Amino acid sequence: MLLENKVVIVTGAASPRGIGKATAKALAAHGARVVVLDLRLEDAEQAARDLGEGHLGLACDVTDRSACDAAVQAALTKYDRIDGLINNAGITQPLRTLDIQAGNFDAVLDVNLRGTLYMSQAALPHMKARKGGSIVCMSSVSAQRGGGIFGGPHYSAAKAGVLGLAKAMAREFGGDNVRINSITPGLIQTDITGDKLTPEMRTEIIKGIPLGRLGDAADVANACLFLISDLSAYMTGITLDVNGGMLIH
């Protein structure tokens, strides 16, 4: 068991086919007690129950700093420790540059980038005091390629910001034995993408992926498991590509 008796928070983890829920399942399978965060309490609690006994579901809007602090405090009250944080919560919008309005920009930046900062700020003091912890920040291949299939330029900007934020935090908290890394998924089959790909689009996209398939949520979940666990104990500030080779094609 890679995570026996460890406590890990996963944001945005209630969507049935999402990366967050797949990650929560992978962590729980390796012994972690998982704190599932999502906007709706009912969804978060159900996702926690789906994992089995000993897990916790909480409502949390990651764009609200006080809500992030409250979620971390609730986890500490129940478990008295936090060993890991997966900053997974995110949204996307398929808009072109000239169509992006102020509200679009604010919404995408708030959830993807501000939410990553706020949740990290909430968890880091405890990790720093304990002299240990691991944070995984979810970016995207679109941050590296300058665009993706379903995300507009503001999404690419937000996810590029996540990479910079994670590296800066890794540098700052390395002396406290707190590791902070990023994952850049490619096109993953989730609730967000599932209904939007036509067979023709799927065929064309796969031509640009050396491994010849779209990613599954479990592919990203396993990368999260690796970075949260001690298997990656000498890694911080890295960007782990999980895209089937899409970036090099």
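Conventions used here
- Along every chain, residues carry numbers that run from 1 in the direction the sequence is written.
- In keeping with the model being predicted, local features are shown solely for residues with a pLDDT of at least 70 and side-chain atom pairs are shown and tallied solely at 80 or more, while totals for entire chains, interfaces and linings include all residues.
- Note that water and hydrogens are dropped before the side-chain values are worked out from all heavy atoms of the structure.
- UniProt positions are given in the numbering used here, feature names are shortened, and annotations may be inferred rather than shown by experiment.
- Think of a nonpolar core as a cluster: buried Ala, Val, Leu, Ile, Met, Phe, Trp, Tyr and Cys residues, connected wherever their side-chain atoms sit within 4.5 Å.
- To sort residues, take the accessible area from a 1.4 Å probe on protein chains only and compare it with the maximum for the residue type: under 20% means buried, over 50% means exposed, and anything in between is partly exposed.
- Working definition: helices are DSSP H or I runs of at least four residues, strands are E runs of at least two. Numbering for both runs from the N terminus.
- In this description, contact between two residues means that some pair of their heavy atoms is separated by no more than 4.5 Å.
- Any two strands with at least two DSSP bridges between them are considered paired.

Naming follows an unreviewed UniProt entry, where the protein appears as SDR family oxidoreductase of Ralstonia soli. In its Sequence similarities (unreviewed entry) section, the UniProt entry covering the protein states "Belongs to the short-chain dehydrogenases/reductases (SDR) family."

(A) Structural view of the nonpolar core. If you look at the biggest cluster of nonpolar residues, it comprises 35 residues, and the most contacted ones within it are I9, V35, L37, C60, V72, M119 and I180. Where this core is concerned, the elements lending two or more residues are β1 (7–11), β2 (33–38), β3 (56–59), α3 (65–79), α4 (102–130), β5 (133–138), α6 (153–173) and β6 (178–185). Once residues lying within four places of it in the same chain are set aside, the contact partners of I9 are V35, L37, V72, A75, I82, G84, L85, I86 and M119. Grouped together as the second largest cluster of nonpolar side chains are 32 residues, L3, A28, A44 and A217 included.

(B) Looking closely at the pairing of β6. Among the eight residues of β6, eight are classified as buried, and the element is accordingly described as predominantly covered. Neither face of β6 is exposed, since V178, I180, S182 and T184 on one face and R179, N181, I183 and P185 on the opposite face are all buried. Taken together, the four bridges between β6 and strand β9 (residues 239–242) define a ladder with parallel strand orientation. Paired with T184 across the strands is D241, a residue of β9.

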